[in-house]
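Single-letter residue listing:
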Amino acid sequence: MIWVLLLASGVRALGPTDQAKVQRLVQAYPAFLKGVEDDQLVWRDGTRMPLTRAKAASYTALLNQPGLLDQLDATYPSCAPVRPPSRNEDPGRVRFEPLFKKMYGASPSQVMSSLVSVNWFGQALKVTSVNGAAQSLERVAQELARQPALLAFVRPSAGTFLWRKVAGTPRLSVHAFGAAIDLNVSRSHYWQWAGYREGQAGITYRNRFPLALVQVFERHGWIWGGRWYHYDTMHFEYRPELTGAAGCR
Ligand SMILES: [Zn+2]
């Protein structure tokens, strides 16, 4: 009877798998998100966002215009051994931009109003305080300081906040929200530096970052660009909905 009413009203209930994915998102961002009702994400301020998947014609189209459920489909291998990802395996790279703009700010001035300074081995970095991202990065720094062998990779940082698009795309980088950090460029590899272009197959994976370093970030809610087919090994971004509470325990 209930489903008849749902159909009659045009409301579609999510299946249990999708419900679980949305719950993980809600638990990761409790200051903003309240829950799921029917096929909508409900914010604490009453905003509702449709939980849909895009009918994208290509991987690039999906990246450029995903639905919120497309973002939640990612499975991030928190703390797992490093291995070359398969083609277009980029967990976390599909991002539903309205979600991030609403939490962190939709303009440079809005984002900047929440930036605080994080002491990164003597370097003052601007990071958003929203969702506890800056506090989390401070805990990462404290843990890294106890492992001197890793410090050559983490300093100097190549930057945190910068209102910019992902190179060669219409998509805002997580750096624009002040929730990403780039580590030491001289130890890093980036797929575009090797001459590859979006949509290309056969990208050869390269990385020098040790797993122990990656795991410190992942334990604190930061995902690593070195787990992407389109690898960016200096890049970490605060995405606690993907690392999960238990992933690295
Ligand atoms: Zn980056």
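Treat the numbers as computed from the prediction; the structure is a model and nothing was measured.

**Here we look at the coordination of the zinc ion**
1) Next: Listed as protein donors to the zinc ion are His175 (NE2), Asp182 (OD) and His235 (ND1); their distances from the metal cover 2.0 to 2.1 Å.
2) Next: Sequence spacing of the donors to the zinc ion: H-x6-D-x52-H. Of this pair, His175 sits in the loop between α8 (151–154) and β6 (180–182) while His235 sits in strand β8 (residues 235–238), and the two are 60 residues apart along the sequence. We note that His175, like His235, is buried.

**What about the side chain of Thr169?**
1) Next: Following the sequence through the fold, Thr169 ends up in the loop between α8 and β6.
2) Next: We classify Thr169 as buried; its relative accessible area is 14%.
3) Next: Within the structure, Thr169 has its side chain in polar contact with the backbone oxygen of Val166 (distance 2.9 Å).

**Examining the packing of helix α7 (residues 133–144) against helix α9 (residues 211–219)**
1) Next: Relative to each other, α7 and α9 sit at 145°, their axes nearing to 9 Å. Crossing of α7 against α9: the hand is right-handed. Facing Leu137, Val140, Glu143 and Leu144 of α7, the residues of α9 in contact are Leu213, Val216, Phe217 and Arg219.
2) Next: Counted by class, the contact of α7 with α9 contains 6 nonpolar, no polar and 2 charged residues.

**Points about the sheet that holds strand β2 (residues 40–43)**
Strand-to-strand pairing in sheets goes through backbone hydrogen bonds, with the strands running parallel or antiparallel.
1) Next: Taken together, the 3 strands give an open sheet; going across it, the order is β1-β2-β3, and neighbouring strands pair in antiparallel fashion. Of all strands in the sheet, those bounded by a partner on one side alone are β1 (33–37) and β3 (48–50). Across the sheet, the axes of successive neighbouring strands diverge by a mean angle of 25°, strand direction being ignored.
2) Next: As paired elements, β2 and β3 share 3 bridges and run antiparallel to each other.

**Some remarks on the pattern of salt bridges**
1) Next: Scanning the model with the defined rule gives 14 salt bridges in all.
2) Next: A salt bridge links Arg239 to Glu237, with the shortest nitrogen-to-oxygen separation between them at 2.7 Å.
3) Next: On the accessibility criterion, Glu237 (1% relative accessible area) is buried.
4) Next: Each of the salt bridges in this network shares a partner with another, and the network as a whole consists of Asp18, Lys21, Arg53 and Asp73.

**Observations regarding α7**
In an α-helix, one turn spans 3.6 residues; hence positions three or four apart end up facing the same way.
1) Next: With 12 residues, α7 should cover 16 Å at 1.5 Å per step; its first-to-last C-alpha distance of 16 Å lies within 8% of that length.
2) Next: Inspection of α7 places Ala133, Ala134, Ser136, Leu137, Val140, Ala141, Glu143 and Leu144 among the buried residues, and these make up the whole buried set.

**A look at the sheet that holds β8**
1) Next: Ordered in space as β6-β8-β7, the 3 strands form an open sheet in which the pairing is antiparallel. Unpaired on one side and paired on the other, β6 and β7 (222–224) mark the two borders of the sheet. Mean inter-strand twist for the sheet, computed between neighbouring axes without regard to direction, equals 25°.
2) Next: Alignment of β7 against β8, held across 3 bridges, turns out to be antiparallel. Each residue of the ladder has a partner; that of Trp222, found in β8, is Tyr238.
3) Next: Running at roughly 65° to β7, α7 makes contact with β6, β7 and β8 of the sheet.

**Quick word on the nonpolar core**
1) Next: If you look at the biggest cluster of nonpolar residues, it comprises 66 residues, and the most contacted ones within it are Leu41, Trp120, Leu213 and Phe217.
2) Next: Broken down by element, the residue count for this core peaks at 6 residues, all from α7.
3) Next: Look past the residues within four positions of Trp120 in its chain and what remains in contact with it is Leu125, Leu137, Val140, Ala141, Leu144, Val154, Ser157, Ile181, Leu183 and Phe217.

Definitions and limits used
Residues numbered from 1 in each chain as written. Predicted model: local features only at pLDDT ≥ 70, side-chain atom pairs only at ≥ 80, totals over all residues. Heavy atoms only, no water. Donors = N, O, S within 2.8 Å, 3.2 Å for Na, K, Ca; no water. Helix = DSSP H or I, 4+ residues; strand = E, 2+ residues; numbered from the N terminus. Buried < 20%, exposed > 50% of the residue type's maximum accessible area, 1.4 Å probe, protein only. Polar contact = N/O pair within 3.5 Å; in protein donor to acceptor, adjacent residues only side chain to side chain. Axes fitted to C-alpha atoms, helices over the stretch in contact; angles between N-to-C directions. Left-handed = near helix turned anticlockwise from the far one by under 90°. Contact = heavy atoms within 4.5 Å. Nonpolar A, V, L, I, M, F, W, Y, C, P; charged D, E, K, R; others polar. Pairing = 2+ DSSP bridges. Salt bridge = Lys/Arg side-chain N within 4 Å of Asp/Glu carboxyl O. Expected span 1.5 Å × (residues − 1). Core = buried A, V, L, I, M, F, W, Y, C linked by side-chain atoms within 4.5 Å.

In short, geometric facts, not functional conclusions.
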